[in-house]
Structures are given as C-alpha cells and as structure tokens.
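Chain by chain, the residues run as shown.
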Amino acid sequence: MPDETRPMLAPWTAEEGDSSYVVRTANGFIVSITYFDDEPMRDFNLRKEEARRIAVAISRLPELLEKDKGG
C-alpha cells in the first residue's frame, strides 16, 4: 500500500507492460501511464520505442528537479 502522506517518493521507475509503460514512485504510486501500439494501420498511436522514451523521461523528473535546486 502506498504511503499516502508522501506519494511522490524518488526514485521513479518506468515499467513495461503489455501495451504501456507505467511510471511509479518508490512506494508504488502511479505517476503516469504511456500507451503504445505498433500496429502499422494505426499511425496515430505511439510506437513502443516512443512510449519508452517518454516514460523514461518522466521517471527522471525527480532527479532533474533535484539538480535544478542545486542538490
């Protein structure tokens, strides 16, 4: 069960699912879900590699914000 008092604990991780990447905090809180679909007839969807890059970028936000603070 996630700690409700501090839901955004670092580090965040990007985990691959069947058709999505889920970004979670250290205590299991879901920050984002990025869906993908590599079907050639559906060109409006994100491809798996695009979704992975987005999820990884989101998972690095705590690290980047800490650097911005000078920490």
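These figures come from a predicted structure and were not determined experimentally. (Residues numbered from 1 in each chain as written. Predicted model: local features only at pLDDT ≥ 70, side-chain atom pairs only at ≥ 80, totals over all residues. Heavy atoms only, no water.)

Novice: Report on a nonpolar patch on the surface, specifying residues and quantitative values.
Specialist: A surface patch of nonpolar side chains, amounting to about 300 Å² of accessible area, comprises Ile30, Ile33 and Tyr35. Tracing the chain through its elements places Tyr35 in strand β3 (residues 30–35). (Patch = residues over 30% accessible without salt bridge, like charges linked within 9 Å, V, L, I, M, F, W, Y side chains within 5 Å. Areas by Shrake-Rupley, 256 points an atom, 1.4 Å probe, with all protein chains shown as cover. Salt bridge = Lys/Arg side-chain N within 4 Å of Asp/Glu carboxyl O. Helix = DSSP H or I, 4+ residues; strand = E, 2+ residues; numbered from the N terminus.)

Novice: Report on the side chain of Thr34, specifying residues and quantitative values.
Specialist: In this fold, Thr34 is placed in strand β3. For Thr34, a relative accessible area of 9% puts it in the buried group. With residues up to four places along the chain from it excluded, the contact list for Thr34 reads Ser19, Ser20, Tyr21, Leu46, Ala51 and Ile54. (Buried < 20%, exposed > 50% of the residue type's maximum accessible area, 1.4 Å probe, protein only. Contact = heavy atoms within 4.5 Å.)

Novice: Talk me through the pattern of salt bridges; I want residue IDs and the actual numbers.
Specialist: Per the stated rule, a full pass over the model turns up 5 salt bridges. Linking Arg52 and Glu49 is a salt bridge whose minimum nitrogen-to-oxygen distance equals 2.6 Å. Within this pair, Arg52 and its partner Glu49 are both found in helix α1 (residues 48–59), separated by 3 residues, close to a single helical turn. Residue Arg52 is classed as partly exposed on the basis of its relative accessible area of 32%. The partner of Arg60 in a salt bridge is Glu63, with the nearest N and O atoms 3.5 Å apart.

Novice: Before we move on, could you go through the sheet that holds strand β2 (residues 20–24) and cite the residues and values that matter?
Specialist: In spatial order, the strands read β1-β2-β3; together these 3 strands make up an open sheet with antiparallel pairing. Two strands bound the open sheet, and with one partner strand each, they are β1 (13–16) and β3. On average, each strand axis in the sheet is tilted by 20° relative to the strand beside it, whichever way the strands run. Examined bridge by bridge, β1 and β2 share 4 bridges and lie antiparallel to one another. Its bridge partner being in β2, Glu15 is matched across the sheet by Val22. On top of the sheet, α1 reaches β1, β2 and β3; it is set at about 5° to β2, its chief contact. (Pairing = 2+ DSSP bridges. Axes fitted to C-alpha atoms, helices over the stretch in contact; angles between N-to-C directions.)

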